[in-house]
Amino acid sequence: MLLLIVNDKPFHVAPECNGFGVMTSSILLTLLLIIHRQIGLLDKGLLLVGALTLAFAANILRIIIIVLLAPLVGTENYMLMHEIVGSITYYGCLIVIWLLIPSKQND
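So, a few notes on the structure that sits alongside this text. Note that this is a predicted model, so its numbers are computed, not measured. Numbers given to residues run from 1 along each chain, matching the order in which its sequence is written. Reporting in this predicted model follows two pLDDT cut-offs: at least 70 for local features of residues, and 80 or more for side-chain atom pairs to be given and counted; totals over whole chains, interfaces and linings ignore these cut-offs and use all residues. To get the side-chain values, take all heavy atoms of the structure and skip hydrogens and water.

Focus on the layout of surface pockets
Step number 1: Of the voids in this model, the second largest pocket is the one considered here, and its volume is about 280 Å³.
Step number 2: Taken together, 15 residues form the lining of the second largest pocket, with E16, C17, R62, G86 and Y90 sitting closest to its centre.
Step number 3: Strands here are runs of E lasting at least two residues and helices are runs of H or I lasting at least four, both read from the DSSP assignment and numbered beginning at the N terminus. Taken together, the elements giving at least two residues each to the lining of the second largest pocket come down to α1 (20-36) and α2 (41-100).
Step number 4: The greatest single-element share of the lining of the second largest pocket, amounting to ten residues, is contributed by α2.
Step number 5: The classification used treats Ala, Val, Leu, Ile, Met, Phe, Trp, Tyr, Cys and Pro as nonpolar, Asp, Glu, Lys and Arg as charged, and all other residues, Gly among them, as polar. For the lining of the second largest pocket, the residue count by class is five nonpolar, seven polar and three charged. Buriedness of a pocket was judged along seven lines, with at least five required to meet protein on both sides within 12 Å; pockets are open sets of points on a 1 Å grid over the protein atoms alone, cavities are sets where a 1.4 Å probe fits but cannot get out, and lining residues have an atom within 4 Å of a point. Grid points are joined across faces, edges and corners, and a volume is the space filled by probe spheres set on the points.

Overview of the environment of P102
Step number 1: Mapped onto the elements, P102 comes out in the segment after α2.
Step number 2: Only protein chains enter the area calculation, which uses a 1.4 Å probe; residues under 20% of their type maximum are buried, those over 50% are exposed, and those in between are partly exposed. Taking the relative accessible area as the measure of exposure, P102 reaches 36% and is therefore partly exposed.
Step number 3: Linking P102 and Q38, residues 64 residues apart in sequence, is a C-alpha distance of 9.6 Å.
Step number 4: Whether two residues are in contact is decided by their heavy atoms, any of which lying within 4.5 Å being enough. If near-sequence neighbours (up to four positions away) are discounted, P102 is found in contact with R37 and I39.

Quick notes on the packing of aromatic side chains
Step number 1: Only Phe, Tyr and Trp rings take part, Trp by its six-membered ring, and two of them pair if their centres are within 6.5 Å. Stacked means planes under 30 degrees apart, edge-to-face means over 60, and tilted covers everything else. Applying the stated criterion to the full structure yields one aromatic pair.
Step number 2: A ring has a charge above it when a Lys NZ or an Arg CZ is no more than 6 Å from the ring centre and no more than 35 degrees off the ring normal. Its guanidinium or amino end placed over the ring of W98, R37 lies 5.0 Å from that ring's centre, counting from NZ or CZ.

Comments concerning a nonpolar patch on the surface
Step number 1: A cluster of nonpolar side chains, namely F56, I60, I63, I64, V67 and L68, defines an oily patch on the protein surface of about 560 Å² accessible area.
Step number 2: For L68, the position within the fold is in helix α2.
Step number 3: By relative accessible area, which is 58% here, L68 ends up exposed. Exposure above 30% relative accessible area and the absence of a salt bridge qualify a residue for a patch, where like charges join within 9 Å and nonpolar side chains (Val, Leu, Ile, Met, Phe, Trp, Tyr) within 5 Å. We get accessible surface area from the Shrake-Rupley algorithm with a probe of 1.4 Å; when it comes to residues, only the shown protein chains can shield them. Salt-bridge detection follows one rule: a side-chain nitrogen of Lys or Arg within 4 Å of a carboxyl oxygen of Asp or Glu.

Notes on α2
Step number 1: A helix's residues, less one, multiplied by 1.5 Å, set its expected span. Here α2 contains 60 residues, and its C-alpha end-to-end distance of 17 Å is more than 12% below the 88 Å for a straight helix at 1.5 Å per residue.
Step number 2: The largest bend in α2 is about 130°, located at G74. We define the bend at any residue as the angle between the axes fitted to the seven residues before and including it, ending there, and the seven starting there.

Quick look at α1
Step number 1: In this model, α1 (17 residues) spans 24 Å end to end at C-alpha, consistent with the 24 Å of a helix rising 1.5 Å per residue.
Step number 2: Those residues of α1 not exposed but buried are V22, M23, S26, L29, T30, L33 and I34. One side of α1 carries all its buried residues, which in axial view fall inside an arc of 135°. Among the exposed residues of α1, those pointing more than 90 degrees away from its buried face are F20, T24, L28, L32, I35 and H36.
Step number 3: Along its buried surface, α1 packs onto α2.
Step number 4: Immediately beyond the C-terminal end of α1, within one or two residues, lies Q38, with a positive phi of roughly 55°. The arc in question is the one spanned by the directions pointing from the helix axis to the C-beta atoms.

Examining the environment of Q38
Step number 1: With respect to the helices and strands, Q38 occurs in the loop between α1 and α2.
Step number 2: Since its relative accessible area comes to 64%, Q38 is described here as exposed.

What follows is the structure in structure tokens.
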């Protein structure tokens, strides 16, 4: 369980919100694409590291966006905004990975 303490109040961070979901999904998608698209060995390693870095950056971006929008949407609409931002950054990260991995190895 991941806990966040703010002003001496503990907040439980749900597993789908801690960033590991987007990281594991990114690694899995990258593995599937590099196997299917026959990517070279060195490029495989670089793409895996790149996917993990991109997923980490997407999660940081998600957190920043939620923190910036939270005061604007208020408590009534917070959960809706949180889910929309989370979905856009999650699927956006996976789409970027899909588009960045080449369809064939250039020899």
